[in-house]
Amino acid sequence: MKMKAGCLLWVITVMLIACQPRHKGIPVIGFVDAFEDETIAQARKGFTDALAKNGYSENKGTVEIKYQNAQGDIPTLTQIVNGFTSQPVTLLATCTTLASVTAAQNTSTIPVFMMVSPTLERMKLVRTNGRQPTNLFGAVEDLNYIDTSFKLIPAMVKTPGRKLRIGMVYNQAEPQSADALKRIQGLAAGLNTEVVALPLNSSADAQLVTQALLNKHIDVFFANPDNTVFAAFATILKSCNDKSVPVFTSEAGLVQRGAVAAFGADIYQWGYQAGLQAAQYLKTHSTAGLRPELVKVRKRVYNAAVAAKYHISVPANFTAVN
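Computed from a prediction, not measured in an experiment: that's the story for all the values here.

Enquirer: Please clarify how the overall build of the protein chain should be interpreted in this entry.
Expert: The helix and strand inventory of the protein chain stands at eleven helices and 13 strands. Its C-alpha atoms give the protein chain a radius of gyration of 20 Å, within 12% of the compact-globule value 20 Å for 322 residues. Dimensions along the principal axes, computed over C-alpha positions, put the protein chain at roughly 70 × 50 × 45 Å. Residue burial in the protein chain is summarised as follows: out of 322 residues, 54% are buried. Put simply, the protein chain shows about 14700 Å² of open surface, and 53% of that area lies on carbon and sulfur atoms.

Structure below.
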């Protein structure tokens, strides 16, 4: 009964959102977050800052941004997107893969500006004949940077006389997570490392799965870039810290939260880049010249306190996070 009541409440909420009148002359943006996460939240901040820099600010009454978070629930995510498309909003902003895929599946006319999402190919949005949705824009990421991120680990952590055992969890339901694992497994052999991976399809199982991974005597944990890892990072980090296993990642934002080091996209700048495209669309009322573009700002960062704790030397070209 509680589940039915919760679903009914969400339906009513979305219907109320859809029925709210739009302010005449002011563009309305539907911002869709797939789940709650302090690192991912930086993308939304970057997106709104880019809009404000270009004259679109809620404080000045030049834009209305309707924010909704699905809290990791897929049916709720679909309801949110459908609520926004039924208004309809001027454009959609989607944060993380699940939000971007859901938007692509539910509208082919409203422009969608993606962030913290992989390329259309990795999201399986390109058909076998090469055709792809024409309403998707924003900033996306491919797998090329994973190579550099993963190679950091054997360069900084040494296990003389044996292979370095690197633990990972991955989400079988997320194409980019499974693709990243395959790519990393392909790299491992040439780096005298061994990848030990277990599936984690729900953040609710993070502690149990991470403990199982730690019981396999891994030397290092690599935080694979997927939505489940983001949502469960605090749990993963605590489990690893309790066993004195350092965590590396490919996401700069996770270093501030306790990972040793990363080479990866700056989440704030990722959102800012998508926001610049959205601002251009609002100014010109045209998508001419816009397309999904690769993330432009990547950083080499490290957590000085965590590196010192594990006695890890970090190359000089890395910047310490605050």
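Next comes the rest of the description.
Enquirer: What's the story with the pattern of salt bridges in this structure? I'm lost.
Expert: Close approach of charged atoms allows side chains of opposite charge to pair. Summed over all chains, the structure comprises ten salt bridges. A salt bridge links Arg183 to Asp147, with the nearest nitrogen and oxygen atoms 2.8 Å apart. With Arg183 in helix α6 (residues 175–188) and Asp147 in helix α5 (residues 144–156), this pair connects stretches of sequence that are 36 residues apart. Here Lys296 makes a salt bridge to Glu293, at a shortest N to O gap of 3.9 Å. Exposure remark for Glu293: the relative accessible area of 16% places this residue in the buried category.

Enquirer: Quick question: what am I supposed to make of the pairing of strand β3 (residues 91–95) here?
Expert: Where a strand is regular, its side chains alternate between the two sheet faces. Counting buried positions over the five residues of β3 gives five, a clear majority of the element. Along β3, one buried face is formed by Leu91, Ala93 and Cys95 and the opposite face, lined by Leu92 and Thr94, is buried too. In this sheet, β3 lies alongside strand β1 (residues 28–33) in parallel orientation, the contact comprising five bridges. Note that in β3 the partner of Phe31 across the bridge is Ala93. Of the pairings in the sheet, the one linking β3 to strand β4 (residues 112–118) comprises four bridges and is parallel in character. Across the sheet, residue Ala93 finds its bridge partner in β4, namely Phe113. As for the winding sense of the linkage, the β-α-β connection from β3 through helix α4 (residues 97–106) to β4 is right-handed.

Enquirer: For this particular structure, what's the right way to read the confidence of the model for the protein chain?
Expert: Detail in the predicted coordinates should be disregarded across regions flagged by low pLDDT. Of all residues in the protein chain, 93% attain a pLDDT of 70 or more, and the chain-wide mean is 91. Contacts for the low-pLDDT stretch residues 1–5, under 50 throughout, to residues beyond four places or in other chains number zero contacts. Contacts of residues 9–14 to residues separated by more than four positions or lying in other chains number nine contacts, the stretch itself having pLDDT below 50.

Enquirer: Honestly, unusual backbone geometry in this entry has me stumped. Any pointers?
Expert: With the exception of glycine, the majority of residues adopt a negative phi angle, and the majority of peptide bonds are in the trans configuration. For the bond from Gln87 to Pro88, the omega torsion is -10 degrees, close enough to zero to count as cis. Position of Pro88 among the secondary structure elements: in the loop between α3 (74–86) and β3. A positive phi is found at Gln71, a non-glycine position, where the angle reads about 55 degrees. For Gln71, the location among the structural elements is in the loop between β2 (64–69) and α3.

Enquirer: Which parts of the structure should I look at to understand the nonpolar core?
Expert: Nonpolar side chains in soluble globular proteins tend to end up buried together. Within the largest apolar cluster, 76 residues are counted, with the highest numbers of intra-cluster contacts made by Ile29, Phe47, Leu51, Met115 and Phe221. For Met115, the residues in contact, after removing those within four places along its chain, are Phe31, Ala43, Phe47, Ala93, Thr94, Cys95, Thr96, Ala139, Trp270, Gly271 and Ala274. Core analysis: the second largest hydrophobic core is formed by 29 residues, Leu164, Ala261, Phe263 and Phe318 among them.

Enquirer: What am I meant to see in the packing of aromatic side chains here?
Expert: Any two aromatic rings considered together are summarised by their centre-to-centre distance and by the angle between their planes. Following the criterion strictly, the structure yields six aromatic pairs and no others. Summarising the aromatic geometry, the rings of Tyr268 and Tyr272 are spaced 6.2 Å apart at their centres and angled 35 degrees between planes, so their arrangement reads as tilted. You can see Tyr268 and its partner Tyr272 sitting in helix α10 (residues 267–284), four residues apart, about one turn around the helix. Taken together, the aromatic side chains of Phe31, Phe47 and Tyr67 make up a single cluster linked through ring pairs.

Enquirer: Any chance you could explain the side chain of Thr193 here in plain terms?
Expert: With respect to the secondary-structure elements, Thr193 resides in strand β7 (residues 193–199). Judged by its relative accessible area of 3%, Thr193 is buried. Side-chain polar atoms of Thr193 contact the backbone oxygen of Ala188, separated by 3.0 Å. Not counting chain neighbours up to four residues away, the residues in contact with Thr193 comprise Phe150, Pro154, Lys163, Leu164, Ile166 and Ala188.

Enquirer: I tried to follow the packing of α5 against α6 on my own but got confused; where do I start?
Expert: Packed helices, taken two at a time, are described by their axes: the angle between them and the distance between them. Following both chains from N to C, one finds α5 and α6 inclined at 50 degrees, their axes separated by 10 Å at the closest point. On the basis of their axis angle, the class for α5 and α6 is oblique. Crossing of α5 over α6 shows right-handed handedness. Touching Asn144, Ile146, Asp147, Phe150 and Lys151 of α5 are Arg183, Ile184, Leu187 and Ala188, all from α6.

Enquirer: Where do I start with the sheet that holds strand β5 (residues 136–141) in this structure?
Expert: Strands in a sheet are paired, the pairing made by backbone hydrogen bonds, and the direction either parallel or antiparallel. Reading across the sheet, the six strands line up as β2-β1-β3-β4-β5-β11 and stay open at both edges, with parallel pairing between neighbours. Each edge of the open sheet is held by one strand with a lone partner, namely β2 and β11 (293–294). Here β1 pairs with β2 via six bridges, running parallel. By the bridge assignment for β2, Asp33 is matched with Asn69. Running at roughly 140 degrees to β4, α4 makes contact with β1, β3, β4 and β5 of the sheet.

Thresholds applied
- Per chain, residue numbering runs from 1 following the sequence as it is written.
- For a predicted model such as this one, the threshold for reporting local features is a pLDDT of at least 70, and the threshold for listing and counting side-chain atom pairs is 80 or more; totals across whole chains, interfaces and linings nevertheless cover every residue.
- Note: side-chain values were computed over all heavy atoms of the structure, leaving out hydrogens and water.
- Runs of H or I in DSSP of at least four residues are treated as helices and runs of E of at least two as strands, each being numbered from the N terminus.
- C-alpha atoms define the radius of gyration in this analysis, and the globule rule sets the expected value at 2.2 Å times the number of residues to the power 0.38.
- The buried label applies to any residue whose accessible area, calculated with a 1.4 Å probe on protein chains only, is under 20% of its type's maximum; exposed applies above 50%, and partly exposed to all values in between.
- Surface accessibility follows the Shrake-Rupley procedure with a 1.4 Å probe radius. Residue values consider only the protein chains on display as shielding.
- Here, a salt bridge means any side-chain nitrogen of Lys or Arg that lies within 4 Å of a carboxyl oxygen of Asp or Glu.
- A strand pair is defined by DSSP finding two or more bridges across the two strands.
- Convention used here: a crossover is right-handed provided that the path from the first strand, over the helix, to the second strand proceeds clockwise when the strands point away from the viewer.
- Known as pLDDT, the predictor's confidence for each residue is given on a scale from 0 to 100.
- Contacts are assigned to residue pairs that have any heavy atoms within 4.5 Å of one another.
- Here the nonpolar core consists of buried residues drawn from Ala, Val, Leu, Ile, Met, Phe, Trp, Tyr and Cys, with membership extended through side-chain atoms lying within 4.5 Å.
- Think of it this way: a Phe, Tyr or Trp ring, Trp meaning its six-membered ring, pairs with another when their centres are within 6.5 Å, and the plane angle makes it stacked under 30 degrees, edge-to-face over 60, tilted otherwise.
- Pairing of N or O atoms within 3.5 Å defines a polar contact, subject to two protein rules: one partner must be a possible hydrogen donor and the other a possible acceptor, and residues neighboring in sequence count only if both atoms are side-chain atoms.
- Comment: axis = line fitted to C-alpha atoms, over the contacting stretch for helices; angle = value between 0 and 180 degrees taken between N-to-C directions.
- By definition in this entry, angles of less than 35 degrees are roughly parallel, angles greater than 145 are roughly antiparallel, angles of 65 to 115 are roughly perpendicular, and the rest are oblique.
- Crossing handedness: left-handed means the near helix sits turned counterclockwise from the far one by under a right angle, and right-handed means the same turn made clockwise.

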